[in-house]
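Here is what each chain is made of, one letter per residue.
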Amino acid sequence: MNAVISSRVEKDLIGERQIPNQYYYGIQTLRALENFNLSPNKLNHFPVFIQTLALVKLACAQANYKLNLLDADKYQAIEYACKQIAAGAYQDQFVLDMLQGGAGTSTNMNINEVIANVGLEYMGHAKGQYQYLHPNNDVNMSQSTNDVYPTSIKLALAEMCTLLHAPFQNLIGGLNAKSEEFKGIMKMGRTQLQDAVPMTLGQEFAAFAGTLQKDLQLLQMLAPQTLLQVNLGGTAIGTGLNATSAYRKLAVEALAELTGKPVQSADNLIEATSDMGDFVLLSGLLKRTATKLNKIANDLRLLSSGPRTGFGEIQLEARQAGSSIMPGKVNPVIPEALNIASFQIIANDLAVTLAADAGQLQLNAMEPLIAFKLFESLDIMGNALQMFQDKCISTLQANPERCRSLVQNSIGIITALNPYLGYETTTRLAKTAFLQGNSVLDLIQAEQLIPAEQIQQIMSIEQMTQSA
């Protein structure tokens, strides 16, 4: 026999529905579940977002309670529910698709209904007995989706940015460690894939670390300057209808205390409600970093190419067999995976841009896509940074003999002799060396153009790779 599942009747402006009592969400969430089945990406895939939603609701309840708009019993029930959800409970009640119409209203009602029903049980009532604690009248008091939703998104993004700092720093530290390890290995620098002038392998890795350090610094500045400026208290379009300035002040102060972050009210709540510029800025920074990571991955693939017929200046740790038909082949799978992760982040930036551009008048209905793509990009970025450091950078090795051989046989070192022989002579020597397959240094010695002792000094690693 099948067990009988008890249910309750809930109603909205469209009509009535049976809600199984195992669910803490209510009728509006149920309708959204039925309407939006676009992707496998659910709200509970991003627990930080659910946590910030709960903290925003708690901050609002605190403000309403202090203003005597919410009685003690209702406040205590809301407080209990919010703290439970913020601590990770009831995650299975947040199964809405991240991709949804309605500018996030379904997500806001999902948290409202779960808080209400958890709170009702805390008060000793059954789920759905909203006359004692109502999702809209009580939990959503002085609020709108249009200020709660973007505020929660911003706080979740700020927290995810903070979590990104550690893998960012680990990779930068790993690249700097390789820079120090390789500082004495001379190699050929290349421009447009052609021999240029000598450098050290350490300098090459130091440049990788330096370019990522700049992005980390920008990321660390971005959160407090933009993501922590919120429109909470602006309600529907930023005018603050159904909320007071006293409420807004108290709610923002409570939110700062609950999150431990310097949350502030935006200067212009109408602008902050309709404009997606802060999200576009973060997405653009993530695209910038992804572009840099992609370039670094490409460089390592080139430098490790071979093992016999490529550059072969570095060697990546073998991670897995590279072919089902070619025995012994090992592919640079970790840099390749970093390429793919970077492509996804870059593609997400386009989605954020298009969604931000689609805003109309006082609201942008595409915020759910913006939130999803930024959450996804931050998740991917953190995983990619950690993977790249742990499974590629930390274990790669230099091939000093190969680097030295390529430098000695390169025509590019002739550039260092320009000040001594002049451009026309060095050009002639370069052309002759290329056509005859000779070493540039052998030609100079054969023509006795520069004493051997001076050549040795000119070709020292310090002279070749460091400016005076």
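Just so it is clear, the model here is predicted, and its values are computed rather than measured.

*Asks:* Break down the nonpolar core for me, with residues and values.
*Replies:* Residues Phe49, Leu157, Leu232, Leu282, Leu300, Phe375 and Phe388 are the most contacted members of the largest nonpolar core, which totals 113 residues. For this core, the leading source of residues is helix α6 (residues 145-181), giving 14 residues. Ignoring sequence-local partners within four residues, the contact set of Leu157 consists of Leu227, Phe279, Leu282, Leu374, Phe375 and Leu378. Judged by nonpolar contacts, the second largest core, of 18 residues, contains Ile414, Leu421, Ile444 and Met459.

*Asks:* Got a sec to walk through the environment of Leu374? Specific residues and values, please.
*Replies:* Locating Leu374 in the fold gives a position in helix α12 (residues 367-393). Accessibility expressed as a relative area gives 0% for Leu374, which makes it buried. Setting aside anything within four residues of it in sequence, one finds Leu374 in contact with Leu157, Phe279, Leu282, Ser283, Leu286 and Val352.

*Asks:* Describe the packing of α6 against α12, and please don't skip the residues or the numbers.
*Replies:* At their nearest, the axes of α6 and α12 sit 9 Å apart, and the two run at 15° to each other. Overall, the two elements α6 and α12 adopt an arrangement that is roughly parallel. At the point where α6 passes α12, the crossing takes the left-handed sense. Split by residue class, the contact of α6 with α12 holds 21 nonpolar, five polar and three charged.

*Asks:* Got a sec to walk through unusual backbone geometry? Specific residues and values, please.
*Replies:* A cis geometry characterises the amide bond from Gly306 onward to Pro307, with omega recorded as 10°. Tracing the chain through its elements places Pro307 in the loop between α10 (277-303) and β7 (314-315). One non-glycine residue, Thr235, adopts positive backbone phi at about 50°. Tracing the sequence through the fold places Thr235 in the loop between β5 (229-230) and α8 (245-259).

*Asks:* Give a detailed account of the packing of α6 against helix α7 (residues 201-227), specifying residues and quantitative values.
*Replies:* Relative to each other, α6 and α7 sit at 165°, their axes nearing to 9 Å. On the basis of the axis angle, α6 is roughly antiparallel to α7. Here α6 and α7 pass one another in a crossing that is left-handed. Residues that form the contact of α6 with α7 fall into these classes: 17 nonpolar, eight polar and three charged.

Procedures and definitions
Residues numbered from 1 in each chain as written. Predicted model: local features only at pLDDT ≥ 70, side-chain atom pairs only at ≥ 80, totals over all residues. Heavy atoms only, no water. Core = buried A, V, L, I, M, F, W, Y, C linked by side-chain atoms within 4.5 Å. Buried < 20%, exposed > 50% of the residue type's maximum accessible area, 1.4 Å probe, protein only. Helix = DSSP H or I, 4+ residues; strand = E, 2+ residues; numbered from the N terminus. Contact = heavy atoms within 4.5 Å. Axes fitted to C-alpha atoms, helices over the stretch in contact; angles between N-to-C directions. Parallel < 35°, antiparallel > 145°, perpendicular 65-115°, else oblique. Left-handed = near helix turned anticlockwise from the far one by under 90°. Nonpolar A, V, L, I, M, F, W, Y, C, P; charged D, E, K, R; others polar.

These figures come from the coordinates and say nothing about function on their own.
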